Amino acid sequence: MIKAIEGLNPQWYQPKGQQGENPTTFRIRPLDGAEFGEIADFLTMENNQVFITNKGRSRCLDLALLDWANFNDSKGAVVFNMDNMRLIPHPIRRELASRIINISTLTGEEEGN
């Protein structure tokens, strides 16, 4: 029997290497089956590692980045919206897209390990 996808609950993610009391966090969610199929066109595998193209990263964030907290520029807090997603530095975009792919492919049991 085929089991339906469950556990598409959003989660807060803190990128690695942040210091301080108020780190920036991003609210992301796993991709559903149809969305993952769309992103799969932008994935390649080499030496048991998954790589995603820049176009795939952008699409992944468009679909699964839901919010952020403590994301600021020199003027203060940056409002979450699609236009402001371009303000996320490239290395963080890469990390977020990788995390979204990872949580989209792991089962609840695997993610807990």
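Every residue gets a number counted from 1 within its own chain, in the order that chain's sequence is written. In view of the model being predicted, local features appear only for residues whose pLDDT reaches at least 70, and side-chain atom pairs are presented and counted only at 80 or more, with totals across whole chains, interfaces and linings using the full set of residues. To get the side-chain values, all heavy atoms of the structure are used, and hydrogens and water are removed first.

## A short note on the layout of surface pockets
For the second largest pocket, the calculated volume is near 180 Å³. Cavity and pocket criteria rest on a 1 Å grid covering protein atoms alone: a 1.4 Å probe that fits but cannot get out defines a cavity, protein on both sides within 12 Å along at least 5 of 7 lines defines an open pocket, and an atom within 4 Å of a point defines a lining residue. What lines the second largest pocket is Leu43, Gln49, Val50, Phe51, Ile52, Arg57, Arg94, Ala97, Ser98, Ile101 and Asn102. Every helix listed is a DSSP run of H or I at least four residues long, and every strand listed is a run of E at least two residues long, numbered separately from the N terminus. Of all elements in the fold, only strand E4 (49–52) and helix H3 (90–105) reach the threshold of two or more residues within the lining of the second largest pocket. Among the elements that make up the lining of the second largest pocket, the one with the highest residue count is H3 (five residues). Along the lines of polarity and charge, the residues of the lining of the second largest pocket split into six nonpolar, three polar and two charged. Grid points are joined across faces, edges and corners, and a volume is the space filled by probe spheres set on the points. Polarity classes work like this: nonpolar for Ala, Val, Leu, Ile, Met, Phe, Trp, Tyr, Cys and Pro, charged for Asp, Glu, Lys and Arg, and polar for all others, with Gly in that last group.

## Topic: helix H2 (residues 54–64)
Quick reminder: α-helices carry 3.6 residues per turn. Residues three or four places apart thus point the same way. Burial here depends on accessible area, computed with a 1.4 Å probe over protein chains only, as a share of the maximum for the residue type. Under 20% is buried, over 50% is exposed, and the range in between is partly exposed. All of the buried residues along H2 are Gly56, Arg57, Cys60, Leu61, Leu63 and Ala64. Along the axis of H2, the buried residues cluster in a sector spanning 165°; they form a single face. By definition, residues are in contact when any of their heavy atoms lie within 4.5 Å. On its buried face, H2 sits against strand E2 (25–28), helix H1 (33–40), E4, strand E5 (65–69) and H3. The directions from the helix axis to the C-beta atoms are what the arc is built from.

## Details of H3
Under the 1.5 Å per step criterion, the end-to-end length of H3 is 23 Å for 16 residues, consistent within 8% with the ideal 22 Å. By the burial criterion, the buried members of H3 are Arg93, Glu95, Leu96, Ala97, Ile100, Ile101, Ile103 and Ser104. Each residue after the first adds 1.5 Å to the expected span of a helix.

## Considerations on the packing of H1 against H2
How two helices sit against one another is set out by the angle between their axes and by the gap between those axes. Note on method: axes are straight lines fitted to C-alpha atoms, helices fitted across the in-contact stretch only, with angles between N-to-C directions ranging 0 to 180 degrees. Running from N to C, H1 and H2 point in directions that differ by 165°, and their axes come no closer than 9 Å. Regarding the angle of H1 to H2, the classification is roughly antiparallel. You can see that H1 and H2 cross each other, and the crossing is right-handed. Across the interface between the two elements, Glu35, Glu38 and Ile39 of H1 pack against Gly56, Arg59, Cys60 and Leu63 of H2. Here the angle decides the label: under 35 degrees means roughly parallel, over 145 means roughly antiparallel, 65 to 115 means roughly perpendicular, and every other value means oblique. If you view the pair so one helix is near and one far, a crossing is left-handed when the near helix is turned anticlockwise from the far one by less than a right angle, and right-handed when it is turned clockwise.

## Brief notes about the packing of H2 against H3
Relative orientation of the contacting elements H2 and H3 amounts to 70°, with a least axis distance of 9 Å. Relative to H3, H2 is oriented roughly perpendicular. In this structure, H2 crosses over H3, and the sense of that crossing is left-handed. Here H2 contributes Asn54, Arg57, Ser58, Cys60, Leu61 and Ala64 to the contact with H3, which in turn contributes His90, Arg93, Arg94, Leu96, Ala97, Ile100 and Ile101.

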